[in-house]
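Summary of structural features
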Amino acid sequence: MNENLPPCPKCSCEYTYEMNSLVVCPECGHEWVPAQSGAEGGDAAGERVVRDSVGNVLQDGDSVVVVKALKVKGSPSGIKAGTKVRNIRLVDGVDGHDIDCRIEGFGAMQLKSSVVKKA
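Described in the following lines is the structure provided in the data block. Each residue is numbered by its place in its chain's sequence as written, counting from 1. Under the rules for a predicted model, residues below a pLDDT of 70 receive no local features and side-chain atom pairs below 80 are neither given nor counted, while totals for whole chains, interfaces and linings still include all residues. Calculation of side-chain values draws on the structure's entire complement of heavy atoms; hydrogens and water are dropped beforehand.

**Considering the sheet that holds strand 8 (residues 89-90)**
The three strands are arranged 8-9-10 in an open sheet whose pairing can be described as antiparallel. Looking at strand neighbours, the two that pair on one side only are strand 8 and strand 10 (107-111), the edges of this open sheet. In terms of strand pairing, strand 9 (residues 99-103) meets strand 10 through five bridges, oriented antiparallel. Across the sheet, cysteine 101 pairs through a bridge with methionine 109, a residue of strand 10. Here, a strand pair is defined by DSSP locating no fewer than two bridges between the strands. Segments assigned H or I by DSSP are reported as helices when at least four residues long, segments assigned E as strands when at least two residues long, and all are numbered from the N terminus.

What follows is the structure, given as structure tokens:
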């Protein structure tokens, strides 16, 4: 076992363990991708990495698929799960909205990376 695993960011439990590429907390059940400071020392200092709901790294220009239905303020219908969004742009948004995009039928909007999957 690796004794250098980080504690859980939610409950600070120190008994975390690895499961495939994730780190899991046995007390609260939180799962996350550990920061790889040793392996990617050059990238971690300057560049921000944005990951989708399943852990794939997103880049500008990628196409993504919405994985859960979203309510849109001011619209009678929301965005359905399975909607494909092309040509995304990664931004430092407000409240975790880190994807800037244009959705057909809705126009320009921002999405959270946790509700999309790389297409």
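From this point, things continue past the structure.
**Concerning the sheet that holds strand 6 (residues 64-66)**
Overall, antiparallel pairing links the three strands, which are arranged 7-6-11 in an open sheet. Pairing within the sheet leaves two strands with one partner each, and these edge strands are strand 7 (84-85) and strand 11 (116-118). Bridge analysis of strand 6 against strand 11 gives three bridges, and the strand direction is antiparallel. From the neighbouring strand, valine 65 faces strand 11, where its bridge partner is lysine 117.

It is worth stressing that arrangement in space is one thing and function is another; only the former is reported here.
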